[in-house]
Amino acid sequence: MLNFADPKEINLRPYQADAIENLRDGIRAGKRRLLLCAGTGAGKTLTAAHLLKEADRKGSYALFIVDRVALVDQTSAVFDEYGISHGIVQGINDRWMPSENVQVCSAQTLARRSLPRDPSLIVVDEAHCQYKATLDYMDRHPDAVKIGLTATPFTKGMGEHWDDVVNVIPTRRLIDDGFLIEPKIYIAKSPEDSELGLNSYGEFSDSSASTAGIQIVGDVVQEWIAKTAEHFGGPVKTIVFSPTVEHGRELCAAFSAAGFNFQQISYMDRSDEERAEKIAEFRRPDSIIDGLVSCGVLTKGFDVPDVKCGISCRPYRKSLSSHMQEIGRVMRTHQTKDMALWLDHSGNIERFGLDMFDVWENGVGDLDHSTKRDSKPRERNEQVRERVVCPECSGALRGNTCMACGWEKPARSGIVNVDGEMHEFNPQAMEARPGLRAECLKDPRKVWEACLSYTFERASRGEDAARKWAYGIWRGVYPNNKLPFGWYGMEPPHIADPAAYSLVEREVRRFRKSRRAA
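This section reports on the structure supplied with the text. Not measured: the values here are computed from a predicted model.

**Remarks on the nonpolar core**
Next, step 1: Leu121 and Ile147 are the most contacted members of the largest nonpolar core, which totals 92 residues.
Next, step 2: Non-local contacts of leucine 121, meaning those with residues more than four positions away in its chain, are made with Leu51, Leu52, Ala55, Tyr61, Ala62, Leu63, Ala144, Val145 and Ile147.
Next, step 3: The next biggest cluster of nonpolar side chains, apart from the first, holds 24 residues, and it includes Leu436, Cys451, Tyr454 and Leu503.

Following this line, the structure appears as structure tokens:
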């Protein structure tokens, strides 16, 4: 509880200071519920710590809400480091000091415990989790400003609970500026989708993922031994994401048989103390634990910066957010670390790689669009694999370049075949309907992709009906132009251009309004 070292100053990076100003602009505009969105390593907790320290200085009552006991201790340690006096609202805790202006709260304990003052500021960590108790607590304090921290605001329904999103900085800039490490990604052996059953939410069921995954446990161990030897010269600190406790036990046993100490932590641990001891040992620079196998407990907010390797064994069908949260655990920088490794034994890179790179490059976009990213099932097929998997080393392709070996896909010609003739497609030759002035109109292909994305999400009569509907929308935008050869049969993109998608939504509303008027 006592910290005799001088507290560190909170020195905000320029983009963090800009994010705080954008939050204040939103508050001045009357928005009381704002999401602060930034990827792993952008410093969301530190940015929130600055806000809480300012609240403390003004004598305001402020809460920082987390959903896990381990994150209570982790956040409290950060606040101690920066000299932020605070109490802890979590079970029976020695730091129960409700009179302090700043409180670090377990969501579960806060739901059933009274505090002496109403908060002026509520900061919700991992806001995409949407816990009912936390949302109810926010509703009971309508005058408080609420700031939600998240890297992945993709959960359906978030638009009902939050007013707007402040995008801090794209992941790509954090990587380019040296604040994050982009991992080398390998697509390794994984169960086929046909082996995986579905649960009531349309996700892959944990039981089927466990049954199928146990069959390739030996491949997981051998791949880890080979790839860590190739890139690091031997074993490195590793996190494994497992679908079930049973699967995790099999993994630990297989690693033990190969001479390595992997320990499982899960929601079924006998006590929080046992789990905390394993995590504390794992954090040590000279830890005797080679790897932690996590079943549902390390996906969010868990930070051990010197972890150099991550292994994905839990497949997802819809949840881009879970995939991105997991891979974020290996992307933090550390003085002993100049590269990171991600071994995909789940097929998630094939399902979500294109979406993930889009978010890294462009951010999550507006709240209405981002909350749809976790609702669409992703398919694994040869077309997707060709765009994602390097044929030379099975590394992940970002654009046309392999992130693992540097292989480059040969560039395709800009020439397309129309009516038996070869000619270069010129988008500038297409004219939009008079009165339309959106910037995205200069790229008709993006508009067509947005049409496909919109109609495939909504059409109830199959693919043919979706394409005909998309073509009708597109001809409404470019009424005097034909669709270029080969476009009609294109697959809809994983994520359409946000501006083009908004244009399509406006066009559909305009058409429906005109029909009602008629």
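**Quick notes on the packing of helix α8 (residues 206-214) against helix α10 (residues 245-257)**
Next, step 1: The geometry of α8 relative to α10 is characterised by a closest axis approach of 9 Å and an angle of 20° between their N-to-C directions. Put simply, α8 runs roughly parallel to α10. Considering how the two elements wind past one another, α8 and α10 form a crossing that is left-handed. Only Glu246, His247 and Glu250 of α10 make contact with α8, whose side of the interface consists of Ser210, Gly213 and Ile214.
Next, step 2: The class makeup of the residues in the contact of α8 with α10 is one nonpolar, three polar and two charged.

**Structural notes on the environment of threonine 152**
Next, step 1: Tracing the backbone through its elements, the reader meets threonine 152 in the loop between β6 (145-150) and α6 (158-161).
Next, step 2: A relative accessible area of 1% places threonine 152 in the buried class.
Next, step 3: With 174 residues separating them along the chain, threonine 152 and glutamate 326 place their C-alpha atoms 11 Å apart.
Next, step 4: Only 3.2 Å separates the side chain of threonine 152 from the side chain of glutamine 325, close enough to count as a polar contact.

**Examining the layout of surface pockets**
Next, step 1: Size it by volume and the second largest pocket reaches roughly 1000 Å³.
Next, step 2: Around the second largest pocket sit 38 residues that line it, and Thr45, Val78, Asp303, Pro305 and Arg332 are the ones nearest its centre.
Next, step 3: When contributions to the lining of the second largest pocket are tallied by element, the ones reaching two or more residues are α2 (44-58) and α3 (69-81).
Next, step 4: Across the lining of the second largest pocket, the residue classes break down as 13 nonpolar, 13 polar and 12 charged.

**Overview of helix α11 (residues 272-283)**
Note on helix geometry: an α-helix contains 3.6 residues per turn, so any two residues three or four positions apart are oriented the same way.
Next, step 1: In this model, α11 (12 residues) spans 16 Å end to end at C-alpha, consistent with the 16 Å of a helix rising 1.5 Å per residue.
Next, step 2: Buried within α11 we find Arg275, Lys278, Ile279, Glu281 and Phe282. For α11, the angular spread of buried residues about the axis comes to 160°, placing them on one side. For α11, exposure combined with an orientation more than 90 degrees from the buried face picks out Glu273 and Glu277.

**Quick notes on the pattern of salt bridges**
Next, step 1: A complete count under the given rule lists 32 salt bridges for this structure.
Next, step 2: The shortest N-O distance in the salt bridge between glutamate 21 and arginine 24 comes to 3.0 Å. Of this pair, glutamate 21 and arginine 24 are both found in helix α1 (residues 14-28), three residues apart, which corresponds to roughly one turn of the helix.
Next, step 3: Judged by relative accessible area, arginine 24 falls into the partly exposed class, the value being 31%.
Next, step 4: As a salt-bridge pair, aspartate 80 and arginine 95 come within 2.8 Å of each other at their nearest N and O atoms.

**Topic: the sheet that holds strand β12 (residues 309-312)**
Whenever strands of a sheet pair, they do so through backbone hydrogen bonds, lying parallel or antiparallel.
Next, step 1: Spatially, β8-β13-β12-β9-β11-β10 is the arrangement adopted by the six strands of the open sheet, whose pairing is parallel. Of all strands in the sheet, those bounded by a partner on one side alone are β8 (184-187) and β10 (262-266). Between one strand axis and the next, the sheet turns through 20° on average, direction left out of account.
Next, step 2: With four bridges joining them, strand β9 (residues 238-241) and strand β11 (residues 291-295) adopt parallel strand pairing. Across the sheet, isoleucine 239 pairs through a bridge with leucine 292, a residue of β11.

**Here's the deal with the packing of aromatic side chains**
Next, step 1: On inspection of all chains with the given rule, the structure shows 13 aromatic pairs.
Next, step 2: Summarising the aromatic geometry, the rings of phenylalanine 64 and phenylalanine 79 are spaced 5.7 Å apart at their centres and angled 80° between planes, so their arrangement reads as edge-to-face. Of this pair, phenylalanine 64 sits in strand β2 (residues 62-66) while phenylalanine 79 sits in helix α3; the two residues are 15 residues apart in sequence, bridging distant segments of the chain.
Next, step 3: Note on phenylalanine 241 and tryptophan 342: the rings are 6.2 Å apart at their centroids and 40° apart in plane angle, and the pair reads as tilted. Of this pair, phenylalanine 241 sits in strand β9 while tryptophan 342 sits in strand β13 (residues 341-344), placing them 101 residues apart in sequence.
Next, step 4: Using a relative accessible area of 2% as the deciding quantity, one classes phenylalanine 241 as buried.
Next, step 5: Within the aromatic cluster, the residues linked to one another by ring pairs are Trp224, Phe255, Phe260 and Phe262.
Next, step 6: Lying across the ring of phenylalanine 179, arginine 13 places its NZ or CZ 3.9 Å from the centre.

**Looking at helix α13 (residues 348-362)**
Next, step 1: The first and last C-alpha atoms of α13 sit 20 Å apart over 15 residues, in line with the 21 Å expected at 1.5 Å per residue.
Next, step 2: Maximum bend of α13: about 35°, positioned at leucine 354.
Next, step 3: Extensive coverage of α13 is indicated by the burial of 11 of its 15 residues.
Next, step 4: For α13, the complete set of buried residues consists of Asn348, Ile349, Glu350, Arg351, Phe352, Gly353, Asp355, Met356, Phe357, Val359 and Trp360.
Next, step 5: A positive backbone phi angle near 80° is found at glycine 363, which sits one or two residues after α13.

**A word on the sheet that holds strand β4 (residues 102-106)**
Next, step 1: Read from one edge to the other, the open sheet built from seven strands follows the order β3-β4-β2-β5-β6-β1-β7, with strand pairing classed as parallel. In this open sheet, the two strands that pair with only one neighbour each are β3 (87-89) and β7 (164-167). This sheet shows a mean twist of 20° between the axes of neighbouring strands, independent of strand direction.
Next, step 2: By the bridge criterion, four bridges tie strand β5 (residues 121-124) to β6 in an arrangement that is parallel. The partner of leucine 121 across the bridge, within β6, is valine 145.
Next, step 3: Each of β1 (33-37), β2, β5 and β6 touches helix α5 (residues 132-139); the most contacted strand, β5, lies at about 160° to it.

**Notes on the packing of helix α16 (residues 444-458) against helix α17 (residues 463-477)**
Next, step 1: Put simply, α16 and α17 touch, their axes get as near as 8 Å, and they point 140° apart. Considered as vectors, α16 and α17 are oriented oblique to each other. Note on packing geometry: the crossing formed by α16 with α17 is right-handed. Of the residues in α17, those touching α16 at Pro444, Val447, Trp448, Cys451, Leu452, Tyr454, Thr455, Phe456 and Arg458 are Glu463, Ala466, Arg467, Trp469, Ala470, Tyr471, Ile473, Trp474 and Val477.

Thresholds, definitions, all that
Residue indices begin from 1 for each chain and proceed along its sequence in written order. pLDDT decides what is reported in this predicted model: residues at 70 or higher carry local features, side-chain atom pairs at 80 or more are listed and counted, and totals for whole chains, interfaces and linings draw on all residues regardless. To obtain the side-chain values, all non-hydrogen atoms of the structure were used and water was disregarded. We call a set of buried residues a nonpolar core when its members are Ala, Val, Leu, Ile, Met, Phe, Trp, Tyr or Cys and they connect through side-chain atoms within 4.5 Å of each other. Here the term buried applies to any residue with accessible area under 20% of the maximum for its type, exposed to any over 50%, and partly exposed to those in between, with areas from a 1.4 Å probe on protein chains only. Only heavy atoms matter for contacts: two residues are in contact if any of them lie within 4.5 Å across the pair. Lines fitted to C-alpha atoms define the axes, with helix axes restricted to the stretch in contact, and inter-axis angles between N-to-C directions lie between 0 and 180 degrees. Strands are runs of DSSP state E lasting at least 2 residues, helices are runs of H or I lasting at least 4, and numbering of each runs from the N terminus. Here the angle decides the label: under 35 degrees means roughly parallel, over 145 means roughly antiparallel, 65 to 115 means roughly perpendicular, and every other value means oblique. Helix crossings fall into two classes, left-handed where the near helix is turned counterclockwise from the far one by less than a right angle and right-handed where it is turned clockwise. By the convention adopted, Pro, Cys, Tyr, Trp, Phe, Met, Ile, Leu, Val and Ala count as nonpolar, Lys, Arg, Asp and Glu as charged, and the other residues, Gly among them, as polar. Pairs of N or O atoms within 3.5 Å make up the polar contacts considered here, provided that, within protein, one atom can donate a hydrogen while the other can accept it, and that residues adjacent in sequence are counted only when both atoms are side-chain atoms. Using a grid of 1 Å spacing that covers the protein atoms alone, one calls a set of points a cavity when a 1.4 Å probe fits there but cannot get out, and a pocket when the set is open and has protein on both sides within 12 Å along at least five of seven lines; lining residues are those with an atom within 4 Å of a point. Grid points are joined across faces, edges and corners, and a volume is the space filled by probe spheres set on the points. Here the expected span of a helix is defined as 1.5 Å times the quantity of residues minus one. What the arc covers is the set of directions going from the helix axis to the C-beta atoms. The term salt bridge refers to a pairing of a side-chain nitrogen on Lys or Arg with a carboxyl oxygen on Asp or Glu at a separation within 4 Å. Being paired, for any two strands, means DSSP has found at least two bridges between them. What counts as a ring pair is set by centres within 6.5 Å for rings of Phe, Tyr and Trp (its six-membered ring), and what kind of pair is set by the plane angle: stacked under 30 degrees, edge-to-face over 60, tilted for all other angles. Criterion for a charge above a ring: Arg CZ or Lys NZ at most 6 Å from the ring centre, at most 35 degrees from the ring normal. The term bend refers to the angle at a residue between two fitted axes, each drawn through seven residues, those ending there and those starting there.

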